[in-house]
Every structure is written in C-alpha cells, then in structure tokens.
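Commentary on secondary and tertiary structure
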Amino acid sequence: LPEKSLKDLPNEVEATVRSIDKGGPFKYVNKVGEFFYNKPNRQGQIVLPVKADSEYYQAYTVGTPGATTRGAQRVVVGKGGEKFYTPDHYDTFVKITD
C-alpha cells in the first residue's frame, strides 16, 4: 500500500485520528468503531494485510466538509495500532504514517 504522513492528508483525517487516539469524541456516535471486514474491493482485491472476515479492523467516519451524509472518508485502525485512510469508502487505501 502507498504510505502518507498524517500531515499530508486532509485536515479532517488528522482530527479523526486525534479523536481515535484520545478515545473520542466522535461526530458519528452510532457508527463509531464499526468493524471493517477487509472484503474484496470493487476490483476484487483484498487490500489490507489481515484477511477478510476477522474483527481485526475498526472503521471510523471522517467528517467531510459540506457533506450532508457521513460521506465516503474513513480511517481504519488495526488491533496492532496501524492506521489506514480511505477517501472512497474502502475502495482504495493509504497507510498513515506519523
């Protein structure tokens, strides 16, 4: 996966990661910590390192400026602390580096 520093991602991603690190607060409380099962994306690829159908990853909504819905941006966090950003609802990812 490509890697990007948190400072090179949209500001709202950094705000979400800081909230995750502090344990909240989160804008979308009803969806906080939903599991991401790493199933194949639209291209049929398993993108993240841990196989599908595990509860290894949790997904957090990234607030999208101007959006009237949750939007497509997410931060996905593995149990080992690794963090990934998807701007397009799990179709593509970058690994977040600090």
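Residues numbered from 1 in each chain as written. Predicted model: local features only at pLDDT ≥ 70, side-chain atom pairs only at ≥ 80, totals over all residues. Heavy atoms only, no water.

**Focus on the pairing of strand S5 (residues 83-86)**
Side chains of S5 alternate between two faces, with Lys83 and Tyr85 and Phe84 and Thr86 buried alike. The pairing of strand S4 (residues 74-78) with S5 spans four bridges and is antiparallel. Looking at S5, one finds that valine 77 is bridged to lysine 83. Where S4 folds back on S5, the antiparallel hairpin that results is connected by four residues, among which glycine 81 adopts a positive phi of roughly 95°. The sheet contact formed by S5 and strand S6 (residues 94-97) spans two bridges and is antiparallel. Residue pairing across strands places tyrosine 85 opposite valine 94, the latter belonging to S6. (Buried < 20%, exposed > 50% of the residue type's maximum accessible area, 1.4 Å probe, protein only. Helix = DSSP H or I, 4+ residues; strand = E, 2+ residues; numbered from the N terminus. Pairing = 2+ DSSP bridges.)

**Quick notes on the sheet that holds strand S2 (residues 34-36)**
Strand order in the open sheet formed by six strands is S1-S6-S5-S4-S3-S2, and the pairing between neighbours is mixed. Each having just a single partner strand, strand S1 (3-5) and S2 make up the two edges of the open sheet. When strand polarity is set aside, the average angle formed by the axes of neighbouring strands in this sheet is 40°. Where S2 meets strand S3 (residues 57-61), three bridges bridge the pair, whose relative direction is antiparallel. Pairing of phenylalanine 36 across the sheet is with tyrosine 57, part of S3. Across the sheet, helix H1 (residues 11-22) touches S3, S4, S5 and S6, and the angle it forms with S4 is around 35°. (Axes fitted to C-alpha atoms, helices over the stretch in contact; angles between N-to-C directions. Contact = heavy atoms within 4.5 Å.)

**Here we look at the packing of aromatic side chains**
Evaluation of the coordinates by the stated rule reveals eight aromatic pairs. Among the aromatic side chains, those forming a connected cluster through ring pairs are Phe36, Tyr56, Tyr57, Phe84, Tyr90 and Phe93. (Phe/Tyr/Trp six-rings, centres within 6.5 Å; stacked < 30°, edge-to-face > 60°.)

**Considering the pairing of S3**
Where burial is concerned, most of S3 is hidden: four out of the five residues are buried. Inspection of the sheet shows S3 paired to S4 by five bridges, in the antiparallel sense. Looking at S4, one finds that alanine 59 is bridged to valine 76.

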